[in-house]
Amino acid sequence: MKQRIAHIALVVKEYDEAIEFYTKKLDFKLLEDTKIDEKKRWVMIAPPGAKECCLLLAKAANDKQKESIGNQTGGRVGFFLFTDDFERDYNKMIEREIKFVRPKTEFEYGTVAVFEDLYGNMWDLIEPNENNKGLIK
């Protein structure tokens, strides 16, 4: 049997502002933007080179969902963006005014810094070290 996680829903305030942030600030690719009805769209994005999993941008549809925007993981880092060149991506993100909330740090598994997306969700930017390069494939 083979299984995989295909999409992870990310609750957003508005589709277009989220698409703008992820595609312009983080260089994600817009994979699909299909109108389902007057209020709902099927919007999928992924970082360059992603092969399996992508984000499904889901506009909050009620007050409970709106309350979770920016805090979907209870204040923990909930998203992990692997890179093959930390310095390139880190410097580009700084230039694009991405807010880093924890500085670049070297760990035994690689180089990491924590940043926030446009809503405050926390992300790790990670370049695995030589022993963990297989994680980025």
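Along each chain, the written sequence defines residue order, and numbers are assigned to residues from 1. Given that the model is predicted, a residue must reach a pLDDT of at least 70 before its local features are reported, and side-chain atom pairs must reach 80 or more before they are shown or counted; all residues, however, enter totals for whole chains, interfaces and linings. Computation of side-chain values covers all heavy atoms of the structure but excludes hydrogens and water.

With 6 of 7 residues buried, strand E7 (residues 110–116) lies mostly within the body of the structure. In this description, strands pair whenever DSSP reports at least two bridges between them. Elements are defined by DSSP. Helices are runs of H or I of four residues or more, strands are runs of E of two residues or more, and each kind is numbered from the N terminus. In the sheet, strand E6 (residues 100–107) pairs with E7 via 5 bridges, with the strands oriented antiparallel. For Phe107, the partnering residue across the bridge sits in E7 and is Gly110. The turn joining E6 and E7, which pair antiparallel and follow one another in sequence, is formed by 2 residues. When E7 meets strand E8 (residues 122–128), the two strands line up antiparallel, connected through 7 bridges. Residue pairing for E8: Gly110 is matched across the bridge by Pro128. Counted between consecutive antiparallel strands, the loop separating E7 from E8 contains 5 residues, among which Gly120 sits at a positive phi close to 105°. Remark: exposure states derive from per-residue accessible area (1.4 Å probe, protein chains only) relative to the maximum for the residue type, with buried under 20%, exposed over 50%, and partly exposed in between.

The next subject is the pattern of salt bridges. For salt bridges, the criterion is a side-chain nitrogen of Lys or Arg within 4 Å of an Asp or Glu carboxyl oxygen. Tallying each qualifying case throughout the model produces 10 salt bridges. Ionic pairing is found between Lys59 and Glu14, a salt bridge with its closest N-O pair at 3.4 Å. A residue pair is termed long-range when its members are at least 10 positions apart, and Lys59 in strand E4 (residues 54–59) and Glu14 in the loop between strand E1 (7–12) and helix H1 (15–25) qualify at 45 residues. Judged by relative accessible area, which is 30%, Lys59 ranks as partly exposed. Glu14 sits in the partly exposed class, given a relative accessible area of 39%. Residue Arg88 is joined to Asp89 by a salt bridge in which the shortest nitrogen-to-oxygen separation is 2.9 Å. Relative accessible area serves as the criterion here: at 14%, Asp89 is assigned to the buried category. One connected set of salt bridges, linked through shared partners, spans Asp16, Asp33 and Arg41.

Moving on, we come to the UniProt feature "domain: VOC" (unreviewed entry) in the protein chain. UniProt positions are given in the numbering used here, feature names are shortened, and annotations may be inferred rather than shown by experiment. UniProt's feature table lists "domain: VOC" (unreviewed entry) at residues 4–128, given in the numbering used throughout. With 22% helix and 42% strand, the stretch residues 4–128 has end C-alpha atoms that lie 22 Å from each other.

This next bit is on the environment of Lys66. Relative to the helices and strands, Lys66 is located in helix H2 (residues 63–68). Accessibility expressed as a relative area gives 49% for Lys66, which makes it partly exposed.

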